[in-house]
Protein chains: 2
Amino acid sequence: MTTITTANLLADGQLLRAAERLRPDVDPAEVAARAAWSVLTEPGDGVAGALVAAFGAQGALDQSLSDATLRAPLEAVGAKAMSEAVQRWRPRADSRAVAGALHDAEAVGARILLPDDPEWPTGLDDLGPHAPLMLWVRGTREALLAQETVSIVGARASTGYGEGIAAELAGDLATTGVSIVSGGAYGIDGAAHRAALGVGGTTVAFLAGGVDRSYPAGHQQLFERIRARGAVVSEVPCGAAPTKWRFLQRNRLIAGAGLATVVVEAGHRSGTLNTAGHAAALGRPLGAVPGPVTSAASAGCHRLLREFDAICVTSAAEVRELWSDAAPVQGLTPAPDPDLVRLMDALSARSPRHVPELARRSGLSLERVRSLLGMLDLEGGVARRETGWIRLNRSAEGENRRRV
Amino acid sequence: MTTITTANLLADGQLLRAAERLRPDVDPAEVAARAAWSVLTEPGDGVAGALVAAFGAQGALDQSLSDATLRAPLEAVGAKAMSEAVQRWRPRADSRAVAGALHDAEAVGARILLPDDPEWPTGLDDLGPHAPLMLWVRGTREALLAQETVSIVGARASTGYGEGIAAELAGDLATTGVSIVSGGAYGIDGAAHRAALGVGGTTVAFLAGGVDRSYPAGHQQLFERIRARGAVVSEVPCGAAPTKWRFLQRNRLIAGAGLATVVVEAGHRSGTLNTAGHAAALGRPLGAVPGPVTSAASAGCHRLLREFDAICVTSAAEVRELWSDAAPVQGLTPAPDPDLVRLMDALSARSPRHVPELARRSGLSLERVRSLLGMLDLEGGVARRETGWIRLNRSAEGENRRRV
């Protein structure tokens, strides 16, 4: 076992050549160092993020794992956190594991994405020191270049209702060029991906395990279709199992990658609420689709609406408003002219009524009744008969009447 | 036709005796003057409200309708508004109409409620000058004395879903002593009243027309039941038709009478949203029950959630929280100890693993793994075998695992 330092990585010819083949356009030492961090850390390791931000991927490795180097005490990290971090990285500090990760990626045609790449989902940078240090990607080059991206997530234990809504939202949005982001689970995630693919759109699945694994196994074919038209992405190397911790941390990537996150269905304590929590923590707009209050699969969405200021979304247009300028809010009901409402109430379509009777019935003055009748006469709303005024039934008035 | 002044009202012996019979405990001149305002004005007449607040019901009549009195220009009203108001009251200023209103009320057993009465719904006072100047009531004396009152409203064009929820909410709340307030329409209103009556609770129907009329006719029996156990209330005198204007104004009474207003179902442009608007204008908590986004009958509720900051309510307990102290909001998901989650991920129930392997798999230090294993061992979560540590499957862990 050879500990991981830049020098040790550079000393492994096979490792270096694999790094070169994966990213011919980047210094292989940098590719190897980033891959090393992916191997060393569990997702969301803030100490690693702070170190790499301060010293670069290679410098941070040498500060941490070279016995020869004095570890610089970092203000952002602190001596104790630094020491603990090195203790947890050391059991994995074997350069052969890095070589293995690069070879495995090559074997399945995975690419390496680095934070400065044009394809890098810049929304992830908002995660700060908890942002991934690199991503493993299988799919098209265009998949991560969409101008607009929305995360559509929900429970595995979904209903036909929720799957239908997920499909409608994802399909409508993907049709208009919005890229869909979700996880890889059964239920809402799968419905969203399928709908996006179905309309020829772009969809991206963030996985908790390595991109070489199909989890759940029943989604193997779906992942193949996603790779052909979109991308499957992970921050953990090939071979890594989808552990609970990695699911929880994967959720922050889904929340960070989208301009907004929409929860379609979620049980009262669904893991999906964890994604919603990440979106809220990132200040990302959070939408929730309501459902029947009798459906346990919507209980989590209702909690989000009720307790966490999620925005109620019922259509693709409303989802889009989460990140684009909100449409002007209309008043609850168009404000009718009160006097006009009262005069129309007082008029009959059958019994002609004179002005004094209309005044008494409407509670308006004689003068006001005369003036409104003149206006309505011009508009064709009333007609004068020998024995008084009658209302002419217009469809609009019928509408109003049905509304009360 | 004798114009309405206090003197003219007092001169009508029959009118005065009817007032005395209706309210033996109150000066009949005051009862007659309040009834006169109910006859003279359409609901929500702010000028009448301001005048009565300034001069009392009798003084305001004399300021307005006595030819002999110089009308005091009112700062709160203004000369122009005052003049217009008198113009609209004059066509109805016939003291015989007041006598008729009192006799009609007596004939159907309606009572007169005045703003200082213990039964007066004090929430209506928040309407300021637009508050009703009196109420006509048919029903029990206790009906309006409930400590807690909630308004449950919704569309006539309701679905079985909405009616079921309305019934569940109204029934649950009425069981715990909350009085239900609603309108008299088919659909949600009817379902709420029936459920409250069904559990022996109190329910109050605010009508747009006079309390002698059954509108809609199909609710005649329901109104009878409401009168026997609760009350039917209106601010317009017996015989008054339920016009569109009076429906719109009746909605402000429903919104004002409840500690909170809950909309169960409403179309996108439902008249129910008018009630919601009144509740919002009064600063009353506004709840909306979500439903399937595929249901047009829930579209108005979703608008309220989305555009008007209504609170999502799905149960009677959540309705109650609208006016009582809100329950403490829990985090979206209980925060698990990250290191513990990662160690549990690394442990297997079948394959024993030694500490170095557990450290590598979990991304934790050897020291941290040992310390957590010690804790888990005490709790019975792990066991040491000859070839390493195994996880003991506890139901709680199974729960967690299913959730991700």
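Worth saying up front: this structure is predicted, and the values here are computed from it rather than measured. (Residues numbered from 1 in each chain as written. Chains lettered and ligands numbered in written order. Predicted model: local features only at pLDDT ≥ 70, side-chain atom pairs only at ≥ 80, totals over all residues. Heavy atoms only, no water.)

A. The arrangement of the relation of the copies chain B and chain A in detail. Each copy of the sequence occupies a distinct position, and chain B is placed on chain A by a rotation of 180 degrees and an axial shift of 0.0 Å, giving an RMSD of 0.1 Å. Viewed as a symmetry operation, the transformation between the two copies matches a two-fold axis. By residue overlap, the copies meet face to face through one surface: 98% of the interface positions of chain B are interface positions in chain A. (Least-squares fit on C-alpha atoms with pLDDT ≥ 70 in both. Contact = heavy atoms within 4.5 Å.)

B. Summary view of helix α14 (residues 338–346) of chain B. Residue and element names in this part refer to chain B. Most of α14 is tucked away, with seven of its nine residues classed as buried. Among all positions of α14, only D339, V341, R342, L343, M344, D345 and A346 are buried. Its side-chain oxygen 2.9 Å from the backbone nitrogen of D339, D337 forms the N-cap of α14. (Buried < 20%, exposed > 50% of the residue type's maximum accessible area, 1.4 Å probe, protein only. Helix = DSSP H or I, 4+ residues; strand = E, 2+ residues; numbered from the N terminus. Polar contact = N/O pair within 3.5 Å; in protein donor to acceptor, adjacent residues only side chain to side chain.)

C. The arrangement of the interface of chain B and chain A in detail. Contact with chain B, which involves 66 residues of that partner, is made by 65 residues of chain A. Seen at the junction of chain B and chain A, the total is four salt bridges. A salt bridge links B:R306 to A:E321; the shortest N-O distance between them is 2.6 Å. Put simply, chain B and chain A have 16 residue pairs in polar contact (both at pLDDT 80 or more) between them. Tallying contributions element by element places helix α12 (residues 299–307) of chain B first for the side of chain B that touches chain A, with six residues. Per-class residue counts for the side of chain B that touches chain A are 29 nonpolar, 17 polar and 20 charged. (Salt bridge = Lys/Arg side-chain N within 4 Å of Asp/Glu carboxyl O. Nonpolar A, V, L, I, M, F, W, Y, C, P; charged D, E, K, R; others polar.)

D. Geometry of the UniProt feature "domain: Smf/DprA SLOG" (unreviewed entry) in chain A. Following the UniProt record, one finds the feature "domain: Smf/DprA SLOG" (unreviewed entry) at residues 112–321 of chain A. Between the end C-alpha atoms of residues 112–321 of chain A the distance is 33 Å, and the span holds 36% helix and 16% strand. (UniProt positions renumbered as here; feature names shortened; annotations may be inferred.)

E. View of the packing of aromatic side chains. All names here are of chain A. Taken as a whole and assessed by the stated rule, the structure comprises four aromatic pairs over all chains. Taking 4.9 Å as the distance between ring centres and 85 degrees as the angle between the ring planes, the aromatic pair formed by W37 and W89 counts as edge-to-face. Of this pair, W37 sits in helix α3 (residues 28–40) while W89 sits in helix α5 (residues 79–89), and the two are 52 residues apart along the sequence. Comparing W37 with W89, the two get one shared label, buried. (Phe/Tyr/Trp six-rings, centres within 6.5 Å; stacked < 30°, edge-to-face > 60°.)

F. Structural context of the side chain of B:D94. Residues and elements named next belong to chain B. On the secondary structure map, D94 appears in the loop between α5 (79–89) and α6 (95–108). Given the relative accessible area of 11%, D94 is considered buried. Here R96 takes part through its side chain, which lies 2.6 Å from a polar atom of the side chain of D94.

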